[in-house]
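# Residue-level structural notes
Now for the letters of each chain:
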Amino acid sequence: MTTQTTKEIPEAAAVPPPGAAPAKKVSQGHRRLLTRRDRLTLGLMAGLPTILHIALVWVTALASVALAFTTWDGIGFDSIKWVGLENFRELFSNNPQFWPAVQHNVIWFVVLIVIPTPLGLFLAVQLDKRIRFSRVYQTAFFLPVVMSMAVIGFVWQLIYNPDTGLINSVIGANEPGKYIDWIGDPDLNLWAILVAASWRHTGYMMILYLAGLKGVDPSLREASALDGANEWQTFKNVIFPTLRPTNTVVLVVTIIEALRAFDLVFVFNKGAQGTELLSILVTNNIIGESSRIGYGSAIAVVLLLISLVVIIPYLVATFRKERRA
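The paragraphs below set out a description of the structure included in this document. Keep in mind that this is a model prediction, so the values were computed, not measured.

This part covers the packing of aromatic side chains. A ring pair, where both rings are aromatic, is described by two values, the distance of the centres and the angle of the planes. A full pass over the atoms with the stated rule returns 13 aromatic pairs. Their ring planes at 80 degrees and their centres at 5.3 Å tell us that Phe-92 and Phe-98 sit as a pair that is edge-to-face. The partly exposed category is assigned to Phe-92, whose relative accessible area is 40%. Given a relative accessible area of 2%, Phe-98 falls into the buried group. Ring geometry for Tyr-160 and Trp-182: centres 6.0 Å apart, planes at 35 degrees, overall tilted. With Tyr-160 in helix α7 (residues 149-160) and Trp-182 in the loop between α8 (166-171) and α9 (189-214), this pair connects stretches of sequence that are 22 residues apart. For the pair shown, Tyr-160 and Trp-182 are each scored as buried. For Arg-292, the ring lying beneath its charged end belongs to Tyr-295, and the centroid distance is 4.2 Å.

Shown next as structure tokens:
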């Protein structure tokens, strides 16, 4: 009897009394299915950039690697001939411009790491003190970074003009017989271009270091002040060691900037008369009058390998830090 009553109670409770409103069903949630138009939109938004990235980056990079072992004048695919390592042998032994170009790329890196990098750090430290009009100073120093390298080249061409340029006018070298040809002189042009490159690179380094300084724990500064350390001691012993991740980024960025330097040199004198760079050699051989696409691709492969030597260790270290975190 008890068992039968227990079974009947839920059934009775489930049936609403006569005249009562039906109970509302509790919403269990629903899953909205994508319409055909939504799927088409998502496909275009994700698929089109992916296709462009693969076509313009990966396909061209792999094609350059393959063409490095061939000779091709760019006229018809039937003229492509396999030569193996011949392009690399000629590059390392018979090209008088290759090793000077490598040397200039190394000089480019050394100058960028020695002059604009410390200067950018100094500006970042000063701006981190929240001085008056700091936003205006940040904008002024960072403005060259957002400008095109071609525009920077044209601006500095005006500054270096032997007749009406700012530098020759200031030092009195704009008179006949006293001209200083900053761009045409092989002993000066590379250093003149590096001054323009350093002017731009300083703002880049300033922003990177300023972002790193904003992430420093203020309690470290307070503890250092309580210990009696002055401003320089605090920076050297407390602040700078915490900028190690930023220093790694700065080093990698500077190496990449030195390897991909092209626009500024090409605007000044197209990489002639002592300003040869690997990127200039690639361009001159692929789209120049000689149209040696296979040989130019071999130079591009060498430039790619040098870049990977720097980038791969950086990526490995970054991934290890993410796993530990």
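Right, let's talk about the side chain of Thr-202 for a bit. If you trace the backbone, Thr-202 turns up in helix α9. Among the polar contacts listed, one links the side chain of Thr-202 to the backbone oxygen of Ser-198, at a separation of 2.7 Å. Residue contacts for Thr-202: discarding those within four places in its chain leaves Pro-116, Leu-119, Gly-120 and Leu-123.

To continue, consider a nonpolar patch on the surface. A grouping of Leu-48, Leu-52, Ile-54, Leu-56, Val-57, Trp-58 and Val-59 is seen on the molecular surface, where their side chains present a nonpolar patch of about 690 Å² in accessible area. Of note, Val-57 is situated in helix α2 (residues 36-67).

Attention now moves to the pattern of salt bridges. Counted according to the given criterion, the structure contains seven salt bridges. With its nearest N and O atoms 3.0 Å apart, the salt bridge here joins Glu-90 to Arg-292. Of this pair, Glu-90 sits in helix α3 (residues 86-94) while Arg-292 sits in the loop between α14 (278-286) and α15 (293-324), and the two are 202 residues apart along the sequence. Among the residues examined, Glu-90 registers a relative accessible area of 24% and is labelled partly exposed.

Now for the packing of helix α12 (residues 244-259) against α15. In the contact formed by α12 and α15, the axes pass within 11 Å of each other and the chain directions differ by 175 degrees. Here α15 runs roughly antiparallel to α12, going by the angle between their axes. Where α12 abuts α15, its residues Thr-248, Val-249, Val-252, Ile-255, Ile-256 and Leu-259 lie against Leu-303, Ile-306, Ser-307, Val-310, Ile-311 and Tyr-314. A breakdown of the residues in the contact of α12 with α15 according to their chemical character gives ten nonpolar, two polar and no charged.

Counting residues in each nonpolar core, the largest one holds 24 residues, and the members touching the most others are Trp-108, Trp-156, Tyr-160, Leu-264 and Phe-268. At the level of secondary structure, the elements contributing two or more residues to this core comprise α4 (98-114), α7, α9 and α13 (263-269). The dominant element in this core, judged by the number of residues it contributes, is α9, at six residues. Those residues in contact with Trp-108 that lie beyond four places of it in its chain are Leu-190, Ile-193, Leu-194, Ala-197, Glu-257, Ala-258, Ala-261, Val-265 and Leu-277.

Calculation notes
- Residues numbered from 1 in each chain as written.
- Predicted model: local features only at pLDDT ≥ 70, side-chain atom pairs only at ≥ 80, totals over all residues.
- Heavy atoms only, no water.
- Phe/Tyr/Trp six-rings, centres within 6.5 Å; stacked < 30°, edge-to-face > 60°.
- Buried < 20%, exposed > 50% of the residue type's maximum accessible area, 1.4 Å probe, protein only.
- Helix = DSSP H or I, 4+ residues; strand = E, 2+ residues; numbered from the N terminus.
- Lys NZ or Arg CZ within 6 Å of the ring centre and 35° of its normal.
- Polar contact = N/O pair within 3.5 Å; in protein donor to acceptor, adjacent residues only side chain to side chain.
- Contact = heavy atoms within 4.5 Å.
- Patch = residues over 30% accessible without salt bridge, like charges linked within 9 Å, V, L, I, M, F, W, Y side chains within 5 Å.
- Areas by Shrake-Rupley, 256 points an atom, 1.4 Å probe, with all protein chains shown as cover.
- Salt bridge = Lys/Arg side-chain N within 4 Å of Asp/Glu carboxyl O.
- Axes fitted to C-alpha atoms, helices over the stretch in contact; angles between N-to-C directions.
- Parallel < 35°, antiparallel > 145°, perpendicular 65-115°, else oblique.
- Nonpolar A, V, L, I, M, F, W, Y, C, P; charged D, E, K, R; others polar.
- Core = buried A, V, L, I, M, F, W, Y, C linked by side-chain atoms within 4.5 Å.

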